[in-house]
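Breakdown of the fold
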Amino acid sequence: MAANPGGGSTDAGGGPVRHIPVLLDEVLSALAPAPGKLILDGTFGAGGYSSAILAAGAEVIALDRDPSAIAAGQAMVAAHGGRLKLVHSQFSHLADHAPQGGLDGVVLDIGVSSMQIDEAERGFSFQKNGPLDMRMSATGVSAADVVNRAKVADLIRIFHFLGEESQSPRIAHAIEKRREEKPFETTRDLAGLIELVTPRKMKDKIHPATRVFQALRIFVNDELGELAQALFAAEAVLKPGGRLVVVTFHSLEDRIVKKFFSDRAGKASGSRHLPVAHERAATFAAVGKSMVSASEAEAEINPRARSAKLRAGQRTDAAAEAADMSLFGFPNLASLGKLGG
């Protein structure tokens, strides 16, 4: 994803970007792949991380929810003689694909890929007109379903929380008025309305529709919930000493990862004025700096890296804790299941 000054990303409406693995050297340093190790790449995409991990001598189980990525990766599977297993799956289900003995590493590159943005028929970008879709898995509720069926109050919450869009009420009410006349079908249809409602100012560095498109993509694909579940799953299947490495591109995602590692670092509960009520064993120890960002040199070569943040932890021998989603404080948003056509 490319960056914007607000800490979000312009991937929802960005133009074609040649796929380059972000923070590759830093990912490999934190992950420490080597012969005899088994690493799970939860976001295969174009295979950038997987290829580098294989080159370091490790074996790889790679997942992707996008059937197009799975199809495109078959040549890479064939080229590595059984050292790469490619599975069509959401990374929240990564525990289902880990062997009984556990994993030596898990790497996650969160967000939409440049290949998905480049395909107009996927509906991720308003730079190319296409159906208002945005489904990474190509199944389920689409962005058009959300825009045409969700209540105004739900649209406001989706745009505000997931897109950090300050004009959420104005945009949501404009959508409601317009869809009564004609449902939204294409990316430019929706982007055009947003541009009319919230015209671009000279100082704006991103298109007015960027944050709404980002919010719809995150909501349609349940990206924050997927990330949270993947963190819990990785904790459950990593061997002692195994590494979890996560690269994020948006402040919402980074907050989730930061909160997870902070919580799993182990701490004593209770007031500082009272005896310790409960001592918690750490399930992860820090690996390197708490957060690593891209160098200026990498950002110049690869704009997608500008907003990237890497966080990593090493699994201890403490038992995995419960997968409690309340840790992240997610708001109650509309139910995807009730919005399908």
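The name that an unreviewed UniProt entry assigns to the protein chain is Ribosomal RNA small subunit methyltransferase H, with the source organism given as Rhizobium leguminosarum. Quoted straight from UniProt, the Catalytic activity (unreviewed entry) entry for the protein chain says "cytidine(1402) in 16S rRNA + S-adenosyl-L-methionine = N(4)-methylcytidine(1402) in 16S rRNA + S-adenosyl-L-homocysteine + H(+)". UniProt lists a comment for the protein chain under the heading Subcellular location (unreviewed entry), and it reads "Cytoplasm".

Digging into the overall build of the protein chain
Helix and strand counts for the protein chain come out as 13 helices and ten strands. When the 341 residues of the protein chain are sorted by exposure, 51% land in the buried category. For the protein chain, the share of sequence-separated contacts (at least 6 apart) that also reach a separation of at least 24 residues comes to 70%. Accessible surface, the protein chain: about 15,200 Å² in total, of which carbon and sulfur atoms supply 52%.

Comments concerning the packing of aromatic side chains
Note on aromatic pairs: each is described by the distance of the centres and the angle between the planes. With the rule as written, the count across this model stands at six aromatic pairs. Ring geometry for Phe-261 versus Phe-284: centroids 5.5 Å apart, planes at 80°, classification edge-to-face. Remark: Phe-284 occurs in strand β8 (residues 284-286) and Phe-261 occurs in helix α12 (residues 251-263); sequence separation between them is 23 residues. By relative accessible area, Phe-284 is classed as buried at 3%. Aromatic side chains Phe-328 and Phe-330 sit 5.7 Å apart centroid to centroid with 20° between the ring planes, which places their arrangement in the stacked category. Relative accessible area serves as the criterion here: at 7%, Phe-328 is assigned to the buried category. Using a relative accessible area of 28% as the deciding quantity, one classes Phe-330 as partly exposed.

Conventions and cut-offs
Just so you know, the residues in each chain are numbered from 1, in the order the chain's sequence is written. Restriction of local features to residues with pLDDT of at least 70 applies here, the model being predicted, together with a cutoff of 80 or more for giving and counting side-chain atom pairs; totals for whole chains, interfaces and linings are based on all residues. Values reported for side chains reflect all heavy atoms of the structure, with hydrogen atoms and water molecules removed beforehand. UniProt positions are given in the numbering used here, feature names are shortened, and annotations may be inferred rather than shown by experiment. Counting from the N terminus, the helices are DSSP H or I runs at least four residues long and the strands are E runs at least two residues long. With a 1.4 Å probe rolled over the protein chains alone, any residue whose accessible area is under 20% of its type maximum counts as buried; one over 50% counts as exposed, and the rest are partly exposed. The contact criterion used is simple: two residues touch if any of their non-hydrogen atoms lie within 4.5 Å. Values of accessible area rely on a 1.4 Å probe in the Shrake-Rupley scheme; residue burial ignores everything except the protein chains shown. In summary, the pairing rule links any two rings of Phe, Tyr or Trp, Trp by its six-membered ring, whose centres are within 6.5 Å, and it sorts them by plane angle into stacked for under 30 degrees, edge-to-face for over 60 and tilted for everything else.

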